[in-house]
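# Fold and geometry: a report
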Amino acid sequence: MRQKQPTPRVASLPADHVYSGQNPVRTLGRLLSPELPRLTVAVVTFVAKHSPIWLLPLITAVILDVVVEHRPVSELWTATAVLLAILLLNFPLHLVYVRCMGTIVRGLGTMLRSALCARMQQLSIGYHSRTSASVLQAKVIRDAEAVEQMLMQCADLGLAAVVTLVGGLVVIGLRVPSFLPVFLIVVPAAGLLVMRLRGRLRDQNELFRRRVEQLSSRVGEMTSLIPITRAHGLEHAALGRVNATLDEVRSEGIRLDLLNGRFGSLAWIVLNTLGLLCLTGSALVAYHGWLPVTAGDVVMLSGFFTILTGSVTTLLSLAPVLSKGLESVRSIGEVLQEPDLERNTGKEQISSVEGRIDFENVSFAYGEPGAADREVAVDRVSLSARRGETVALVGASGAGKSTVLNLLIGFIRPTSGRILLDGTDMARLDLRSYRRFVSVVPQESILFEGTIEENVTYGLRDVGKDAVRQALQDANALEFVDSLPHGVDTVVGERGARLSGGQKQRLAIARALVRDPRVLVLDEATSALDNHSEALIQQALSRLVRGRTVFVVAHRLSTIQDADRIVVMDHGRIAEMGTHDELIDRGGLYARMHTAKR
Ligand SMILES: Nc1ncnc2c1ncn2[C@@H]1O[C@H](COP(=O)(O)OP(=O)(O)OP(=O)(O)O)[C@@H](O)[C@H]1O
């Protein structure tokens with residue numbers, strides 16, 4: 001048996017007005033503001049734990065001076081004890097810092113991801129049909145990660161660099177103030193020089209990363225095409241395409257390695273030559289007595305030069321991480337601030353549905369109001385269904401059948417006209433409460449990675465085993481389910497990959513049955529099944545529709561001959577409406593379609 005997932009502990013959703021993607025820095029400030037006390041603890045512990053870095057050159061200088069100037073040995077012990085204490089304190093302080101910062105950053109990442117998922121559930125189906133699922137997925141996974149990385153690196157590296165720079169300059173200012181102006185000019189200049197050399201590397205790294213991404217999409221393309229490739233004996237061609245990209249990645253990689261070697265070494269030489277110049281320069285100053293500088297100060301200044309230059313380069317290297325992170329804050333804002341929501345709050349909740357549906361002169365056009373390419377998909381449609389009636393929609397591809405179903409589910413709202421549920425305008429209803437009484441059996445049955453039982457009871461709580469078995473039985477699915485190794489506990493693959501098309505459809509019917517809906521929306525599958533499968537499904541469907549208001553899009557006229565009303569659609573309008581016999585007698589569009597299909 002698979003374990004039920006525990007309810008995750010997710011930080012509360014940031015209020016939408018807090019988010020302003022156009023102003024990422026302010027947005028981050030607002031999102032982090034509830035964490036200010038924890039952030040303060042993190043910064044204070046970081047400064048304390050990081051102090052050895054800038055105290056080390058100072059204490060080395062003190063120890064050296066004890067030796068060179070034969071000062072009392074007690075100074076040596078004091079300096080050593082101070083440094084040792086600071087070093088040992090690093091462990092608990094580091095743990096406190098990691099806990100505080102980790103809690104803040106992971107919490108923020110989780111909050112953003114959860115807010116994105118929640119927003120996706122609120123956004124209209126129109127938005128989802130315009131936006132690719134992988135784009136949304138990238139926002140939840142990669143953009144949230146980029147924000148986390150930015151915060152973590154700014155905290156770890158940025159804070160370290162700032163603390164080192166400030167601490168180092170304060171120590172120099174106190175001990176050898178005459179050297180402070182030199183450091184203030186030379187250190188940033190050296191940092192910039194080193195960064196310029198590394199800049200070339202960044203461009204090349206970026207180029208290489210893109211090549212690798214190209215390779216990954218090539219491999220993805222190759223794997224998805226494997227059945228077609230193999231069926232046509234095109235293995236050689238497919239491998240050729242991948243190998244060409246692999247070759248490019250290889251030569252790009254070698255070029256990058258060489259460049260890394262060249263510029264890495266150059267940057268190292270520049271940094272250390274400047275450090276050497278600093279050492280010799282300060283030694284000369286001390287040697288000739290031009291300024292009051294001790295031997296210890298010479299070593300300290302040389303140590304500080306390398307550390308401080310390193311800090312400047314670290315700060316400069318954070319720029320791309322920062323811009324990527326801020327860009328991701330903006331990108332997440334595109335979803336969190338998207339106004340195309342399904343608005344339900346404050347609307348009437350319903351606790352029961354009888355199942356009477358009336359379309360009153362309903363029209364619908366896709367696209368923005370006033371747009372030139374606006375297309376009327378449903379044009380002044382009026383039709384009614386009483387409880388227990390089946391309305392079948394037929395017509396050519398693009399005639400508007402799916403649009404009528406989407407209007408019925410409330411995925412889209414009429415551009416004009418009204419849809420009434422049991423006499424109430426659906427525009428006044430909280431659609432989420434209405435949809436508890438609706439079941440949809442889509443054209444392509446969608447199953448998720450989970451057991452058959454979980455798939456059938458999706459979203460419902462406390463459905464007994466008996467109810468599940470009864471639904472499977474009525475859907476003509478029990479026999480094949482029982483023959484599976486673990487029965488209803490058998491795990492079906494993502495999108496039900498391990499089941500046949502007909503089996504998946506019967507599970508979708510069982511899912512609809514278990515919900516015991518009042519309104520049923522069926523989009524008949526277009527893919528042809530063998531006669532036996534077809535018969536099993538028709539039998540299951542006839543049990544499913546009994547006593548319910550049903551809207552069905554039929555692609556095979558044979559399946560809807562018993563419908564109470566057949567609506568023939570043509571270019572968004574109702575061309576004809578009636579029972580099968582009436583429409584055949586009329587000899588119109590339906591009769592012609594019927595003859596053509598035979
Ligand atoms: N999301 C959309 N955005 C813009 N136009 C759309 C959209 N969905 C459908 N249309 C257009 O609306 C019209 C009606 O489409 P609809 O999908 O309702 O037809 P259908 O009868 O269900 O077709 P099929 O049998 O092929 O599914 C078509 O012209 C189609 O191009």
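The numbers attached to residues start from 1 for each chain and follow its sequence in the written order. Only residues with pLDDT of 70 or above have their local features reported here, since the model is predicted, and side-chain atom pairs are shown and tallied only from 80 upward, although totals for entire chains, interfaces and linings are computed over all residues. Just so you know, side-chain values use all the structure's heavy atoms and leave hydrogens and water out.

As named in an unreviewed UniProt entry, the protein is ABC transporter, taken from Streptomyces kanasensis. What the UniProt record of the protein gives under Subcellular location (unreviewed entry) is the line "Cell inner membrane". UniProt positions are given in the numbering used here, feature names are shortened, and annotations may be inferred rather than shown by experiment. Check the Sequence similarities (unreviewed entry) section of the UniProt entry for the protein; it says "Belongs to the ABC transporter superfamily. Siderophore-Fe(3+) uptake transporter (SIUT) (TC 3.A.1.21) family."

Moving on to the overall build of the protein. Secondary structure assignment for the protein yields 17 helices and 12 strands. The C-alpha radius of gyration computed for the protein amounts to 35 Å, which surpasses the reference 25 Å derived for 598 residues by more than 25%, pointing to a less compact arrangement than a globule. A principal-axis box enclosing the C-alpha atoms of the protein has dimensions of 120 × 60 × 55 Å. Whether two residues are in contact is decided by their heavy atoms, any of which lying within 4.5 Å being enough. Contacts in the protein between residues far apart in sequence, at least 24 positions, make up 77% of those at least 6 positions apart. The method behind every accessible area is Shrake-Rupley, applied with a 1.4 Å probe, and residues are considered shielded solely by the protein chains displayed. For the protein, the exposed area adds up to about 32,300 Å²; of that, 59% sits on carbon and sulfur atoms. A positive count includes Lys and Arg, and a negative count includes Asp and Glu. His and the chain ends are not counted in either. Positions of charges follow a simple convention, taking NZ of Lys, CZ of Arg, CG of Asp or CD of Glu. If the 65 positive side-chain charges of the protein are averaged to one point and the 59 negative ones to another, these points end up 3 Å apart. Labels follow the DSSP assignment, with helices taken as runs of H or I lasting at least four residues and strands as runs of E lasting at least two, numbered in each case from the N terminus. The reference for a compact globule is 2.2 Å times residues^0.38; the radius of gyration itself is calculated from the C-alpha atoms.

DSSP calls a pair of strands paired once it identifies at least 2 bridges connecting them. Read across the open sheet, the 4 strands follow the order 2-1-4-5; overall the sheet is antiparallel. The open sheet terminates on both sides in strands that have one partner only, identified here as strand 2 (375–385) and strand 5 (424–425). Across 5 bridges, strand 1 (residues 357–366) lies against strand 4 (residues 416–421) in antiparallel orientation. Pairing of Ser363 across the sheet is with Ser416, part of strand 4. Every axis corresponds to a line fitted to the C-alpha atoms, with the helix fit spanning only the stretch in contact, and the corresponding angles, defined between N-to-C directions, vary from 0 to 180 degrees. Strands strand 1, strand 2 and strand 4 of the sheet are contacted by helix 9 (residues 401–409), whose axis makes an angle of about 115° with strand 1.

Residue ranges for the domains trace back to a domain assignment, done automatically or taken from a database. Domain boundaries in the protein define domain 1 (7–176 + 320–341), domain 2 (177–292) and domain 3 (349–597). Here the C-alpha centre of domain 3 lies 57 Å away from the C-alpha centre of domain 2.

Right, let's talk about the UniProt feature "transmembrane region" (unreviewed entry) in the protein for a bit. The positions that UniProt labels "transmembrane region" (unreviewed entry) are, in the present scheme, residues 39–64, 76–98, 157–174, 180–199, 265–287 and 299–322. Segment residues 39–64 splits into 100% helix and 0% strand. End C-alpha atoms: 38 Å apart. The distance from the first to the last C-alpha atom of residues 157–174 is 26 Å, and the span holds 100% helix and 0% strand.

As a further point, take the sheet that holds strand 10 (residues 549–553). The strand order across the open sheet formed by 6 strands is 6-9-10-3-11-12, and the pairing between neighbours is mixed. The open sheet has two edge strands with one neighbour each: strand 6 (438–441) and strand 12 (573–578). The mean angle between the axes of side-by-side strands here comes to 15°, regardless of whether they run parallel or antiparallel. The sheet contact formed by strand 11 (residues 565–570) and strand 12 spans 5 bridges and is antiparallel. Bridge pairing in strand 12 links Asp570 to Arg573. Contacting strand 3 (390–395), strand 6, strand 9 (519–523) and strand 10, helix 15 (residues 531–545) runs over the sheet at an angle of about 155° to strand 9.

On to the nonpolar core. Here, nonpolar core means buried Ala, Val, Leu, Ile, Met, Phe, Trp, Tyr and Cys residues that are tied together by side-chain atoms lying within 4.5 Å of each other. Working definition: with a 1.4 Å probe on protein chains only, accessible area under 20% of the residue-type maximum means buried, over 50% means exposed, and in between means partly exposed. By size, the foremost hydrophobic cluster in this structure holds 59 residues, and its most contacted members are Leu108, Val147, Ile172, Phe179, Phe183 and Phe304. Mapped by element, the contributors of at least two residues to this core are helix 1 (24–32), helix 2 (36–68), helix 3 (73–122), helix 5 (133–175), helix 6 (180–231), helix 7 (235–288) and helix 8 (295–336). Each of two domains, domain 1 (7–176 + 320–341) and domain 2 (177–292), supplies a minimum of three residues to this core. Residues within four places of Ile172 in sequence aside, it is in contact with Pro177, Phe179, Leu180, Phe183, Leu301, Phe304 and Leu308. Counting residues in hydrophobic clusters, the runner-up holds 41 residues, among them Val488, Ala554, Ala563 and Val568.

To continue, consider a nonpolar patch on the surface. Grouping into patches uses exposed residues only, defined as over 30% relative accessible area, and leaves out salt-bridged ones; the cut-off is 9 Å for like charges and 5 Å for nonpolar side chains (Val, Leu, Ile, Met, Phe, Trp, Tyr). Take a side-chain nitrogen of Lys or Arg and a carboxyl oxygen of Asp or Glu: if they are within 4 Å of each other, that pair is a salt bridge. A contiguous nonpolar patch, built from Val162, Val166, Val170, Leu174 and Leu315 and spanning about 440 Å² of accessible area, is present on the exposed surface. Examining the composition of the nonpolar patch, we find that 4 residues originate from one element, helix 5, more than from any other.

Turning to the packing of aromatic side chains, a few remarks are in order. Between the rings of Phe, Tyr and Trp (Trp by its six-membered ring), a pair exists once the centres lie within 6.5 Å; its type follows the angle of the planes, with under 30 degrees stacked, over 60 edge-to-face, and the other angles tilted. Applying the stated criterion across every chain, the model contains 5 aromatic pairs. Summarising the aromatic geometry, the rings of Phe364 and Tyr366 are spaced 4.9 Å apart at their centres and angled 85° between planes, so their arrangement reads as edge-to-face. Overall, Phe364 belongs to the buried group, its relative accessible area being 9%. Residue classification places Tyr366 among the partly exposed residues on the basis of a relative accessible area of 38%. On the basis of an interplanar angle of 55° and a centroid distance of 5.3 Å, the ring pair of Phe448 and Tyr458 is categorised as tilted. Separated by 10 residues along the polypeptide, Phe448 in the loop between strand 6 and strand 7 (450–451) and Tyr458 in the loop between helix 11 (452–456) and helix 12 (465–474) bring together distant segments of the chain. Overall, the relative accessible area of 28% leaves Phe448 in the partly exposed class. Tyr458 gets classed as exposed once you look at its relative accessible area, which sits at 53%.

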